[in-house]
Amino acid sequence: LHNHSAHPQSSRQIVSTSEVDAIESTLRPKICSRKNVKSSALRDQIRHGSSSSERLTLEKIVDSLKEDNYKKIIVVAGAGVSCSAGIPDFRTPGSGLYDNLHKFDLPYAEAIFDLDFYRRNPMPFVTLSKEIWPGVKYRPTLTHCFFSLLGNKGILQRVYTQNIDGLEAVAGVDPDKLVECHGHFRSASCINCGMEHTADDCKSSMVDKGEAPTCNNCGGLVKPSIVFFGEVMPSRFSDLVHFDVASCDLVITLGTSLLVAPVSNIPDWVKSNTHRMLINRELVGSFHRANDVFLEGDCDESVRELCSMVGWEEELDQLYSDAQSK
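Residues numbered from 1 in each chain as written. Predicted model: local features only at pLDDT ≥ 70, side-chain atom pairs only at ≥ 80, totals over all residues. Heavy atoms only, no water.

Chemist: Summarise the overall build of the protein chain; cite the residues concerned and give the values.
Modeler: Assigned secondary structure in the protein chain consists of twelve helices and nine strands. Expressed as a percentage of the 326 residues in the protein chain, the buried residues total 51%. Looking at the protein chain as shown, the accessible area adds up to about 14500 Å², and 47% of this sits on carbon and sulfur atoms. (Helix = DSSP H or I, 4+ residues; strand = E, 2+ residues; numbered from the N terminus. Buried < 20%, exposed > 50% of the residue type's maximum accessible area, 1.4 Å probe, protein only. Areas by Shrake-Rupley, 256 points an atom, 1.4 Å probe, with all protein chains shown as cover.)

Rendered as structure tokens:
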């Protein structure tokens, strides 16, 4: 589904502050050149741009895509890329998932991703899993197909998604190019003994029967490989992010509030001269530099506009059509 942050009164985090600090301390010497800036005036000039001619524009990004100047694009995807599929995001007042969990009588909204709460009452997460299990009810959006298109063009370095709906994979993004930062439904394990269970068995219990799966070994509860609060993120994230942010030439951030670390830090971890594009309903993060472009609005509409300008719209529509029939 979509990115989620810990309850304000809880110390549970997807990764610890020390882990984020460790990643940043490792990356900083490699990707940050601000230590070479000699004055605050020059720092401001680099951050904000001294003239419009020096600023990155949408047209410049389009030209670079047409001319194959980008070779290693990183995508950072949040809740907004899946909303048009019919999956609600978490935080939108009135329609977000956290505002529609009253029927579960949760102590607080984020408890649905709390491991201790799952031990006591697994049914809220079982109900959620039944609703969003990849490939059952929801299909990829135009934006997911855009990620696949970048892969087909040979210019996609990686997609870092905060979502657990699995729609990037359904859209055809190469597994090698995909980092599902908050986990996925393709495997499962016991939360007590750690014994692995097949995704099919887990799906049979949760989706077909509406029940919490139990372990064949110890009788404990089984859950899909979704990262709950207090659990360690997949090692794939830390294994790849150092190289990716140091080598990418364009980072595209879409449909996210950039509130959940460490994924929210990726746009800031890239080199200071790396082009950055934000496609979002509102301006978030640090997207105010001279080499930033903010495309305000709906993800699908913005992606279509971009592809139309580059000349990729027909290919995008074909991928979208194919994805709806998978």
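Chemist: Would you mind going over the sheet that holds strand S4 (residues 183–190) in detail, with residue names and values included?
Modeler: Taken together, three strands build an open sheet; the order of strands is S5-S4-S6 and the sheet is antiparallel. Every other strand in the sheet has two partners, leaving strand S5 (196–197) and strand S6 (222–226) as the edge strands with one partner each. Pairing analysis gives four bridges linking S4 to S6, with the strands arranged antiparallel. Its bridge partner lying in S6, Ala188 is registered against Pro224. (Pairing = 2+ DSSP bridges.)

Chemist: Give a description of the packing of helix H11 (residues 299–310) against helix H12 (residues 313–324) that names residues and reports values.
Modeler: It is at 7 Å that the axes of H11 and H12 come closest, and there the two elements cross at 135°. The orientation of H11 with respect to H12, classified from their angle, is oblique. Judged by residue contacts, Val303, Arg304, Cys307 and Ser308 of H11 engage Glu313, Leu316 and Asp317 from H12. Residues of the contact of H11 with H12, tallied by class, amount to three nonpolar, one polar and three charged. (Axes fitted to C-alpha atoms, helices over the stretch in contact; angles between N-to-C directions. Parallel < 35°, antiparallel > 145°, perpendicular 65-115°, else oblique. Contact = heavy atoms within 4.5 Å. Nonpolar A, V, L, I, M, F, W, Y, C, P; charged D, E, K, R; others polar.)

Chemist: Explain the pattern of salt bridges residue by residue, including any values.
Modeler: Considering all chains together, one arrives at eleven salt bridges under this definition. With a shortest N-O distance of 3.2 Å, Glu231 and Lys223 are connected by a salt bridge. Residue classification places Lys223 among the buried positions, given a relative accessible area of 4%. A salt bridge links Asp298 to Arg281; its shortest N-O distance comes to 3.4 Å. Residue Asp298 is located in the loop between strand S9 (292–296) and H11, and its partner Arg281 is located in the loop between strand S8 (275–280) and S9; the two are separated by 17 residues in the primary sequence. (Salt bridge = Lys/Arg side-chain N within 4 Å of Asp/Glu carboxyl O.)

Chemist: Quick one: what's the story with the side chain of Ser302, residue by residue and with numbers?
Modeler: Structurally, Ser302 is set in helix H11. Filtering out sequence-adjacent residues up to four positions away, Ser302 remains in contact with Ile279, Leu295, Glu296 and Gly297.

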